[in-house]
Amino acid sequence: MFAVTRLRVADDDVAAFRTATDELLAALRTRPGFLGGELGRAADEPELFALCTRWEGVGAYRRGLSAAEVKIAGAPVWVHALDEPGVYLTD
């Protein structure tokens, strides 16, 4: 399964946001079932980013996000998140 979180970040906040995203991805890499992740920036709308993560399954995803170190590292990232569904199952 994969998760996509779209985020809107003001120009003044981009440097701190990128640092925070690197810290979040480092915390996620320590979680069982995490397969990888990456951050992308929209080509046509530079304030819009997408964080895509891949997991062995929904259980690993939920356990990974519930870890204290992930919650702490994720707070400065997720404050920019758009409120929309983002978890997708693959066949």
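Throughout what follows, the structure given in this document is the object of discussion. Per-chain numbering applies: the sequence of each chain, read as written, is numbered from 1 onward. Owing to the predicted nature of the model, reporting of local features is limited to residues with pLDDT of at least 70; listing and counting of side-chain atom pairs is limited to 80 or more, with chain, interface and lining totals taken over all residues. Excluded from the side-chain calculation are hydrogens and water; included are all heavy atoms of the structure.

1. Notes on the overall build of the protein
Right, so step 1: Helix and strand assignments follow DSSP, with helices taken as H or I runs no shorter than four residues and strands as E runs no shorter than two, numbered in order from the N terminus. When you go through the protein residue by residue, the secondary structure sums to three helices and four strands.
Right, so step 2: Secondary structure elements of the protein occur, N-terminal to C-terminal, as β-α-β-β-α-α-β.
Right, so step 3: The globule rule used for comparison is 2.2 Å times the number of residues to the exponent 0.38, while the radius of gyration itself is calculated over C-alpha atoms. Taking 12 Å as the expected radius of gyration for a compact globule of 91 residues, we find that the protein reaches 13 Å, a close match to that expectation.
Right, so step 4: Oriented by its inertia axes, the alpha-carbon framework of the protein measures out at about 35 × 30 × 20 Å.

2. Some details on the pairing of strand β2 (residues 34-41)
Right, so step 1: When DSSP locates at least two bridges between a pair of strands, those strands are taken to pair. Bridge count for β2 against strand β3 (residues 48-55) is seven bridges, and the pairing is antiparallel. Across the sheet, residue Leu 39 finds its bridge partner in β3, namely Leu 51.
Right, so step 2: As consecutive antiparallel partners, β2 and β3 are separated by six residues.

3. Some details on the pairing of strand β1 (residues 2-8)
Right, so step 1: One ladder, built from seven bridges, connects β1 with β3; its direction is antiparallel. When the sheet's bridge partners are listed, Arg 8 is paired in β3 with Leu 48.
Right, so step 2: Across two bridges, β1 lies against strand β4 (residues 87-88) in antiparallel orientation. Bridged to Phe 2 within β4 is Tyr 88.

4. Structural notes on helix α2 (residues 58-66)
Right, so step 1: Burial status follows relative accessibility: with a 1.4 Å probe on protein chains alone, a residue under 20% of its type maximum counts as buried, one over 50% as exposed, and anything between as partly exposed. Looking at α2, one finds that the buried residues are Ala 60, Tyr 61 and Gly 64. Projected down its long axis, α2 carries its buried residues within an arc of 100°, all on one side. For α2, exposure combined with an orientation more than 90 degrees from the buried face picks out Arg 62 and Arg 63.
Right, so step 2: The criterion used for residue contact is that any of the two residues' heavy atoms lie within 4.5 Å. Contacts from the buried residues of α2 go to β1, β3, α3 (68-78) and β4. Directions are taken from the helix axis to each C-beta atom, and the arc is the one they span.

5. Description of the sheet that holds β3
Right, so step 1: On the basis of which strands lie adjacent, the open sheet formed by four strands has the order β2-β3-β1-β4 and antiparallel pairing. Edge positions in the sheet fall to β2 and β4, since each has one partner strand and no second.
Right, so step 2: Lines fitted to C-alpha atoms define the axes here, with helix axes fitted over just the stretch in contact, and angles between the N-to-C directions of these axes take values from 0 to 180 degrees. This element, helix α1 (residues 14-29), spans β1, β2 and β3 of the sheet and lies at about 170° to β2.

6. Focus: the nonpolar core
Right, so step 1: Here, nonpolar core means buried Ala, Val, Leu, Ile, Met, Phe, Trp, Tyr and Cys residues that are tied together by side-chain atoms lying within 4.5 Å of each other. Of all hydrophobic cores here, the largest spans 21 residues; its most connected members are Leu 7, Leu 24, Leu 28 and Trp 55.
Right, so step 2: Broken down by element, the residue count for this core peaks at seven residues, all from α1.
Right, so step 3: If we skip the residues at most four places from it in the chain, Leu 7 touches Phe 17, Glu 47, Leu 48, Phe 49, Ala 50, Leu 51, Val 77, His 80, Ala 81 and Leu 82.

7. Some words on the packing of α1 against α3
Right, so step 1: α3 packs onto α1 with a crossing angle of 155° between their chain directions and a minimal axis gap of 8 Å. Overall, the two elements α1 and α3 adopt an arrangement that is roughly antiparallel. When the axes of α1 and α3 are compared, the crossing they make is left-handed. Residue-level contacts link Phe 17, Ala 20, Thr 21, Glu 23, Leu 24, Ala 27 and Leu 28 of α1 to Glu 69, Val 70, Ala 73, Gly 74, Pro 76, Val 77 and Trp 78 of α3.
Right, so step 2: Its residues assigned to classes, the contact of α1 with α3 shows ten nonpolar, two polar and two charged. Reported orientations rely on four angle classes, namely roughly parallel under 35 degrees, roughly antiparallel over 145, roughly perpendicular from 65 to 115, and oblique for the rest. The crossing is said to be left-handed when, going from far helix to near helix, the turn is anticlockwise and less than a right angle, and right-handed when the turn is clockwise. Any residue outside Ala, Val, Leu, Ile, Met, Phe, Trp, Tyr, Cys, Pro, Asp, Glu, Lys and Arg is labelled polar, Gly included; the first ten of those are nonpolar and the last four are charged.

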